[in-house]
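# Remarks on the overall topology
Residue strings, one per chain:
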Amino acid sequence: MIDQELNQEGVASLAAISFEVIKTEKHTGARLGILHTPHGSFETPMFMPVGTLATVKTMSPEELKEIGAGVILSNTYHLWLRPGEDIVQEAGGLHTFMNWDRGILTDSGGFQVFSLSKFRKIEEKGVHFRNHLSGEKLFLTPEKSIKIQNALGADIIMAFDECPPYPADYKYVKESTERTSRWAERCLIAHDRPEDQALFGIVQGGMYKDLRKQSAMDLISLDFPGYAIGGLSVGEPKPLMNEVLEFTTPLLPANKPRYLMGVGSPDSLIDGVIRGVDMFDCVLPTRIARNGTVMTSRGRLVVKNATYARDFRPLDENCDCYTCRNYTRAYIRHLIHTNEILGFRLCTYHNLYFLIKLMEQVRQAIREDRLQDFREEFFEQYGFNKPDAKNF
């Protein structure tokens, strides 16, 4: 976190957020930057832990600060259902409700409507669907999504969009992307708090370059303070994701932050930064931790496996996090096998620490103009270069 709230002229910014590009790496499109928000300023590229229900599962806010988290995510759809945005607003907003005084980003709820609901009907006005918990019929519109996010009070909020599945035919993706552009305009009109909440547009277009370009042009014409790239990491091969990213990011304004949604594996973080992305989020590190899987400098480690029953080394001998300084693989395996919450906490702590420290190393490599070298060294040590490389 950077303790400075002024722009380059030393004048406090009137917009909810501002973004400075400090340096562009010589050999790639990677950028070192600072994202200024109403709750602090944070170095980019950054990884943002996901706290779906106003909590990063098993972690306290104090622990998140300890590992260096700057901005965390919460989920509009889930908080709308439980406890309700009115309760969060009455508490003083998300920051007060969850005791987090750094940055918060809320997604629009769009992805959950499309991924969790078995029944849904999309029309121009919005989406009819069923509550995945109770089966109750609900209707979510761009205006409603923004109203909920205004009540939640995050620093960065997202436009309501449709995330097309992969694979999807051209006609479907074209219609979906054009609707997302129209919804983005409606979100801007509905946004009541532009002075303290920055609304980001979301570029869609599936795997079709012409649709990606059209979506980017549509959104840039609306002059959002930041832009997300959605509809990737939805099942497509990683080389295709990188190809679409390589085409899409240069279309976006250089002076505004670029956010790749739902990406959190170490290789994809590095490859995303190389292609000009500044912000990432994903449930991956916390979700796999609850399955007894951790990221280490030498690759994926499934600590719940029997092979670690008598392994008294730390999860990662190159890591200095709280977990690795104090506990062994054997002990953590025992905790997970006996369903003790501490085991899941220790794995979660380690995985988030690993990704946040990885981004620190990435930022240093940008400073030194050696990001491609860093990528090669990291991939070699992690095992990504092996023909049978295991990823997540």
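Look up: the structure comes first, before these words.
Scope of this entry: the structure provided in the associated data block.

What counts, and where the lines are drawn
Residues numbered from 1 in each chain as written. Predicted model: local features only at pLDDT ≥ 70, side-chain atom pairs only at ≥ 80, totals over all residues. Heavy atoms only, no water. Helix = DSSP H or I, 4+ residues; strand = E, 2+ residues; numbered from the N terminus. Rg over C-alpha atoms; globule rule 2.2 N^0.38 Å. Buried < 20%, exposed > 50% of the residue type's maximum accessible area, 1.4 Å probe, protein only. Contact = heavy atoms within 4.5 Å. Areas by Shrake-Rupley, 256 points an atom, 1.4 Å probe, with all protein chains shown as cover. Expected span 1.5 Å × (residues − 1). Salt bridge = Lys/Arg side-chain N within 4 Å of Asp/Glu carboxyl O. Phe/Tyr/Trp six-rings, centres within 6.5 Å; stacked < 30°, edge-to-face > 60°. Lys NZ or Arg CZ within 6 Å of the ring centre and 35° of its normal.

### Examining the overall build of the protein chain
The helix and strand inventory of the protein chain stands at 15 helices and 16 strands. For a compact globule of 392 residues, the expected C-alpha radius of gyration is about 21 Å, and the protein chain comes in at 21 Å, within 12% of that figure. For the protein chain, the C-alpha atoms occupy an extent of roughly 60 × 50 × 45 Å along the three principal directions. The burial tally for the protein chain puts 57% of its 392 residues in the buried class. Partitioning the intrachain contacts of the protein chain with sequence separation of at least 6 by distance along the chain shows that 66% fall at a separation of at least 24. Carbon and sulfur atoms make up 50% of the accessible area of the protein chain, which totals about 16,700 Å².

### Some remarks on the environment of F119
Mapping F119 onto the fold places it in the loop between helix 5 (110-116) and strand 7 (120-122). Considering only alpha carbons, one finds F119 and R102, 17 residues apart in sequence, at a separation of 37 Å.

### A closer look at helix 7 (residues 170-190)
Spacing of three or four residues puts side chains on the same side of an α-helix, whose turn is 3.6 residues. With 21 residues, helix 7 extends 30 Å between its outermost C-alpha atoms, agreeing within 8% with the 30 Å of an ideal straight helix rising 1.5 Å per residue. Here helix 7 has its buried residues at V173, S176, T177, R179, T180, S181, W183, A184, R186, C187 and A190. In this structure, the buried side of helix 7 is in contact with strand 7, strand 8 (127-130), helix 6 (142-152), strand 11 (198-203) and helix 8 (209-221).

### A few points about the pattern of salt bridges
Under the criterion given, the structure shown has 25 salt bridges. A salt bridge links R345 to E63, with the nearest nitrogen and oxygen atoms 2.8 Å apart. Within this pair, whereas R345 is found in helix 14 (residues 341-367), its partner E63 is found in helix 1 (residues 61-67), the two being separated by 282 residues in sequence. Given the relative accessible area of 27%, R345 is considered partly exposed. Using a relative accessible area of 15% as the deciding quantity, one classes E63 as buried. Linked by salt bridges that have partners in common, E246, D271, R275, R375 and E376 make up one network.

### Looking at the packing of aromatic side chains
Counted by the stated rule, this structure contains 14 aromatic pairs. Centre to centre, the rings of F224 and Y227 are 6.1 Å apart; their planes meet at 80°, and the pair counts as edge-to-face. Y227 carries the same exposure label as F224, and that label is buried. Measuring from ring centre to ring centre gives 6.4 Å for F354 and Y382, while their planes differ by 45°; the resulting arrangement is tilted. In this pair, F354 is assigned in helix 14 and Y382 in helix 15 (residues 371-382), connecting sequence segments 28 residues apart. Both residues of the pair, F354 and Y382, belong to the buried class. An aromatic cluster of three or more residues is present, and its members are F354, F374, F378, F379, Y382 and F384. Geometry around W183 places R179 over its ring, the cationic atom sitting 5.9 Å from the centre.

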